[in-house]
Structures are given as C-alpha cells and as structure tokens.
Amino acid sequence: MDDQEWFAEQLAQHRPRLRAVAYRLLGSVTEVDDALQEAWLRTTRADPALITNPAAWLTTLVGRVCIDMLRARQSRREQLSATWEPLVSEYGDPEEASLHTDAVGIALLVVLDSLEPAERLAVVLHDMFGMPFEQVAAVVGRTPAATRQLASRARRRLREHAPQPRAGLPAQRRVVDAFLAAARAGDFDALLALLAPDVVFRSENGRRARLAPALLTGARAVAARAADAGPRFARLCAPAMVNGVAGVVARDRSGRPVAVVGFTVHDDRIAAIDMILDPDRLPPG
C-alpha cells in the first residue's frame, strides 16, 4: 500500500469524527466538505511513518484547516452575515448521524459563531472531542496555559447563552409533538403547560423580518404567539432532527423548506425554541 492509499484508508475510517469536528468548528455543511478536501490535499506533505496515532493526527490536521478557514472568514467579516447553517435530517439517516453526535443545538452554534477562531477551536477540540490542551495549543499557536484560558472564556459564554438539552431524544420528541398538536389546535392553555416559565423564543429571520418576532421571553408571550400563528404554521411542519435535538421542518406546497425549528427540552418542558426563517440559511430541499 502506498502513502496516499494509506491516507485515503485512514480518512475513510475516521470520516464521521472528522466531519463532526469540522461542523462544530465551521457551522456549515458545505465548508465541512471543503475542509476535508483540503485536509486530504495536505496529507501529500506528510510521512505516514511518523504518525503513531492517525485519529489524533487527522483531527489536528482538520483543526488546522478549519482555523485557517475561520481566520479567512473573520478577515472579511464586514461583508458577511452569520455563516452557520442548521443541520436538518430525518431520523435514522446514517450519513448525517455523526454530525448530530453530542448535540450542537442552534443556540450553541450561534454562540460558537460569535467566538474568536482560537476560542472556538479551544473549546470544541478540548471540551467536545477530548483533545489534550497541549495538542490544541499546537493547532491555535498558543501556549497550553493560554489555550486553557481561551477555552475557559468560551466555556463561560456557552454556559450563559447556550444551555444544552436535559432530556433524551425520545422524551424531546414527545414534548415537541405535544407542542405541535397544541399549536395546530390553537390551545393556549396546553401550550402554556408545555413551556418552561422562562422559555426563550429566538428567530433568525433575514429578509423575512415581518414574519416573526426576533425574540420573545416568558411562557405566556411564547404561548400566545404559538396559539395565534400555530394553527397555520404547524400544519406545514414535519418531525426532523435539527442540530442534534428534536425539531421540525416546515415546507411549502412544492416541498421546499420555509422554516426550521429546534427545541431545547428540560424536565418535560420546552426551555428554548430556535427558528430559522432566513432563506439564505435554510437547507435546499
């Protein structure tokens, strides 16, 4: 087996993990594929005889590709809106399952997108994928101590702004299905019972700013909105996985997605609803 065949075999074997790493770092399915292609090209400069841990070596390589891409993105930030894309798939889709591992909900993706590239890499590679700080430091070009500080700052922001679900997927699905049923019926009381008192509703509207409020807080405000708009909207919705959590995708008559919604469920109640209406963020089909 020659060197390139060996690298091709290793990339194929570790592809699910590498895709998951790249998605958390880049937030874009298209850029995930670009990153893995660039990583493949960079293997031509490496000597397999010097690689003792292919999984760690490939994760480091993909991390370096991603930080280059993030820094390039940052350099033209004034020309861009946020760059993340929701990840939507049907239940049981094996190709996308790896990206959903260790759920990276929409709220988490929004916060990750706001971090500096080095902060993002530090918290993703260490906290989400268990890479030692000494290895992360080599990727971001800092000392291990400085890299720990980067991760600590990022971690505080994630805890504050992106709480994670505290329910398994079947429990999430039951709560979301009950919410949709109540929304279709316009049942304010049933909606209220399914919402945490401090629930937060966020909507990324883009050019569709008039379709939904950007932010609502509190169970009564969110239930009132769902009872009012829900009967029309909920009829368009079908269950989906949205960034690792139970969600829905709404489609028009042609089958084109018009909205994606992810739900964060705590203790059988919905703690957060994140909706994407922005057509520039929605999946193509």
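What counts, and at which threshold
- Residues numbered from 1 in each chain as written.
- Predicted model: local features only at pLDDT ≥ 70, side-chain atom pairs only at ≥ 80, totals over all residues.
- Heavy atoms only, no water.
- Axes fitted to C-alpha atoms, helices over the stretch in contact; angles between N-to-C directions.
- Helix = DSSP H or I, 4+ residues; strand = E, 2+ residues; numbered from the N terminus.
- Parallel < 35°, antiparallel > 145°, perpendicular 65-115°, else oblique.
- Contact = heavy atoms within 4.5 Å.
- Nonpolar A, V, L, I, M, F, W, Y, C, P; charged D, E, K, R; others polar.
- Salt bridge = Lys/Arg side-chain N within 4 Å of Asp/Glu carboxyl O.
- Pairing = 2+ DSSP bridges.
- Buried < 20%, exposed > 50% of the residue type's maximum accessible area, 1.4 Å probe, protein only.
- Core = buried A, V, L, I, M, F, W, Y, C linked by side-chain atoms within 4.5 Å.
- Polar contact = N/O pair within 3.5 Å; in protein donor to acceptor, adjacent residues only side chain to side chain.

A.B. asks: How do you make sense of the packing of helix H7 (residues 133-140) against helix H8 (residues 144-161) when you look at a structure like this?
C.D. replies: Two packed helices can be described by the angle between their axes and the distance between those axes. The contact between H7 and H8 brings their axes to 8 Å, and the two run at 90°. In terms of orientation, H7 lies roughly perpendicular with respect to H8. Contact residues: Phe 133, Glu 134, Val 136, Ala 137 and Val 140 in H7; Pro 144, Thr 147, Arg 148, Ala 151 and Arg 155 in H8. Along the lines of polarity and charge, the residues of the contact of H7 with H8 split into six nonpolar, one polar and three charged.

A.B. asks: Would you explain the pattern of salt bridges in this entry?
C.D. replies: Between side chains of opposite charge, a pair can form when the charged atoms approach closely. One pass over the full model with this rule turns up ten salt bridges. Each of Glu 31, Arg 73, Asp 113 and Arg 120 takes part in one network of salt bridges that share partners.

A.B. asks: What am I meant to see in the environment of Val 62 here?
C.D. replies: Along the chain, the position of Val 62 falls in helix H3 (residues 54-75). Through-space distance from the C-alpha of Val 62 to that of Leu 36 is 6.8 Å; in sequence the pair is 26 residues apart.

A.B. asks: Just checking my understanding: could you explain the pairing of strand E4 (residues 237-242) for this structure?
C.D. replies: Note on strand geometry: in a regular strand, side chains alternate between the two faces of the sheet. In this structure, strand E1 (residues 88-89) lies alongside E4, joined through two bridges in antiparallel fashion. Looking across to E4, one finds that Val 88 is bridged to Val 242. Connecting E4 to the antiparallel partner strand E5 (residues 245-251) that follows it, the hairpin turn spans two residues, and Asn 243 within it adopts a positive phi of roughly 50°.

A.B. asks: Looking at this structure, how should I read helix H5 (residues 106-114)?
C.D. replies: The periodicity of an α-helix, 3.6 residues per turn, causes residues three or four places apart in sequence to face the same way. Within H5, seven of the nine residues are buried, which leaves the element mostly enclosed by the surrounding structure. Looking only at H5, the buried set comprises Ile 106, Ala 107, Leu 108, Leu 109, Val 111, Leu 112 and Asp 113.

A.B. asks: Teacher, can you tell me more about the nonpolar core here?
C.D. replies: General note: in soluble globular proteins, nonpolar side chains tend to be found buried as a group. Formed by 43 residues in total, the largest nonpolar core has its most connected members in Leu 25, Cys 66, Leu 112, Leu 121, Val 123 and Leu 125. Mapped onto this core, the elements with two or more residues apiece are helix H1 (3-26), helix H2 (29-42), H3, H5, helix H6 (117-128), H7 and H8. For this core, the element with the most residues is H1, which contributes eight residues. Those residues in contact with Leu 121, other than ones at most four positions away along the chain, are Leu 25, Gly 63, Ile 67, Leu 70, His 126, Val 136, Val 139 and Val 140. With 32 residues, the next largest nonpolar core counts Ala 182, Val 222, Ala 226 and Val 261 among its residues.

A.B. asks: In this structure, what is going on with the environment of Arg 120? I would like to understand it.
C.D. replies: Summarising the element assignment, Arg 120 is placed in helix H6. Classification of Arg 120 as buried rests on a relative accessible area of 1%. Taking the C-alpha atoms as reference points, Arg 120 and Leu 25, separated by 95 residues in sequence, lie 6.7 Å from one another. Those residues in contact with Arg 120, other than ones at most four positions away along the chain, are Arg 24, Leu 25, Leu 26, Gly 27, Leu 70, Arg 73, Leu 109, Leu 112, Asp 113 and Leu 115. Polar side-chain contacts of Arg 120 include one of 3.3 Å to the backbone oxygen of Leu 112.

A.B. asks: Would you explain the side chain of Thr 60 in this entry?
C.D. replies: Here Thr 60 is to be found in helix H3. Among the residues examined, Thr 60 registers a relative accessible area of 12% and is labelled buried. Ignoring sequence-local partners within four residues, the contact set of Thr 60 consists of Met 131, Gln 135 and Val 139.

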